[in-house]
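This is what each chain is made of:
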Amino acid sequence: MTVSLFGRYIASLTAMSAASLLVVSVAYAHLPNWGEPGGENHIDDIDVSVAFYQDIEEGSQVDTFTFQGEAGQHLHAGINIPAVAGLEDYGVTMALLGPGLPPAGLAGLPVEPTDVAGALIFPTEQGENFFEPFTQTRYWGRQTVEMGLPASGEYHLMVWNLDGRTGKYVIDIGEKEEFGLLGFLKLPYWWVKVHRFFGHNTYLALLAVGGLLLAVAVAALVVRRRRGGRLKQRPA
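In this report, the structure presented in the accompanying data block is examined. Because the structure is predicted, anything quoted here is derived from the model rather than measured. Here the residue numbers are simple positions, counted from 1 along each chain's written sequence. Confidence filtering applies because this is a predicted model: local features only for residues at pLDDT of at least 70, side-chain atom pairs given and counted only at 80 or more, and all residues used for totals across whole chains, interfaces and linings. As a rule here, side-chain values cover all heavy atoms of the structure and leave hydrogens and water aside.

1. Section: helix α3 (residues 187-198)
Here is step 1 of the chain: Secondary structure counts use DSSP, requiring at least four H or I residues in a row for a helix and at least two E residues in a row for a strand, with both numbered from the N terminus. Expected helix span is given by 1.5 Å per residue-to-residue step, counting one fewer step than there are residues. When the terminal C-alpha atoms of α3 are compared, their 17 Å separation across 12 residues agrees well with the 16 Å that a helix rising 1.5 Å per residue should span.
Here is step 2 of the chain: The set of residues buried in α3 consists of L187, W190, W191, V194, H195, F197 and F198. For α3, the buried positions fall inside an angular range of 155° around the axis, keeping them on one side.
Here is step 3 of the chain: Trailing α3 by a residue or two, G199 shows a phi angle of about 80°, which is positive. The cut-offs for exposure are 20% and 50% of the maximum accessible area for each residue type, with area from a 1.4 Å probe on protein chains only; residues under the lower value are buried, those over the upper are exposed, and the others partly exposed. The directions considered for the arc run from the helix axis to the C-beta atoms.

2. Concerning the packing of aromatic side chains
Here is step 1 of the chain: Only Phe, Tyr and Trp rings take part, Trp by its six-membered ring, and two of them pair if their centres are within 6.5 Å. Stacked means planes under 30 degrees apart, edge-to-face means over 60, and tilted covers everything else. Counted according to the given criterion, the structure contains seven aromatic pairs.
Here is step 2 of the chain: Ring centres of W34 and Y53 lie 5.2 Å apart, and the angle between their planes is 20°; on these two criteria the pair is classed as stacked. Taken together, the positions of W34 in the loop between β1 (31-33) and β2 (40-42) and Y53 in strand β3 (residues 50-56) put the pair 19 residues apart, joining distant regions of the chain.
Here is step 3 of the chain: Since its relative accessible area comes to 24%, W34 is described here as partly exposed.
Here is step 4 of the chain: Relative to F197, the ring of Y53 lies with its centre 5.3 Å away and its plane at 85°, an arrangement referred to as edge-to-face. One end of the pair, Y53, is in strand β3; the other, F197, is in helix α3, and 144 residues separate them in sequence. One exposure class covers both Y53 and F197, and it is buried.
Here is step 5 of the chain: Within the aromatic cluster, the residues linked to one another by ring pairs are W34, Y53, F130, Y139, F197 and F198.
Here is step 6 of the chain: Two conditions define a charge located above a ring, namely a distance within 6 Å from the ring centre to NZ of Lys or CZ of Arg, and an angle within 35 degrees of the ring normal. Sitting above the plane of the F197 ring, K168 keeps its charged end 4.6 Å from the centroid.
Here is step 7 of the chain: Positioned above the aromatic ring of W34 is the side chain of K193, whose terminal nitrogen or guanidinium carbon lies 4.5 Å from the ring centre.

Following this line, the structure appears as structure tokens:
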């Protein structure tokens, strides 16, 4: 086991222990979501922060995120790339489709939409990288959209890779943090899914083995103490 991997192992165990004490990372207020690759995903409220972890499995894949918006409502949407080998220069194009947007933007879309007034295209660009402490994962920042919606109606966020490359990305939407008890109870499940998304299978295996060894050690200690107590209770 390398020093860096061992350090990540210990750091993750520490982070998970902190979570058990109700210390939840602010960054994890983006509720994780895993949509179908190439499918249409529905967003209930663009004000509430949510993060979609997406795999682009085919070069022609286009992911769509649909929501209802009101005129003047603020939209936050950001793209981040998981910091894994091979994705250092990876990026995706993002487009916003809906009412009140310029029709000229429709020409730059990978598919021809129906019943859509216009679109804005947001090409990939370098953004701010960040580290997420709870899962011990890193992300390379890309483009971010901050704007008021021009009209009320149905909107679509469309994401694809311009060069037809497969890869991974995370799109976060909204800024209002809503993290209730149910979300806290799901933290261990989300933690594992995020690391599987990153491809950290060896990392997860080490944690599983470490947890098993810890359980065995605790069980052995309990048995030893019980046996010791019984020996003390025997009459002389």
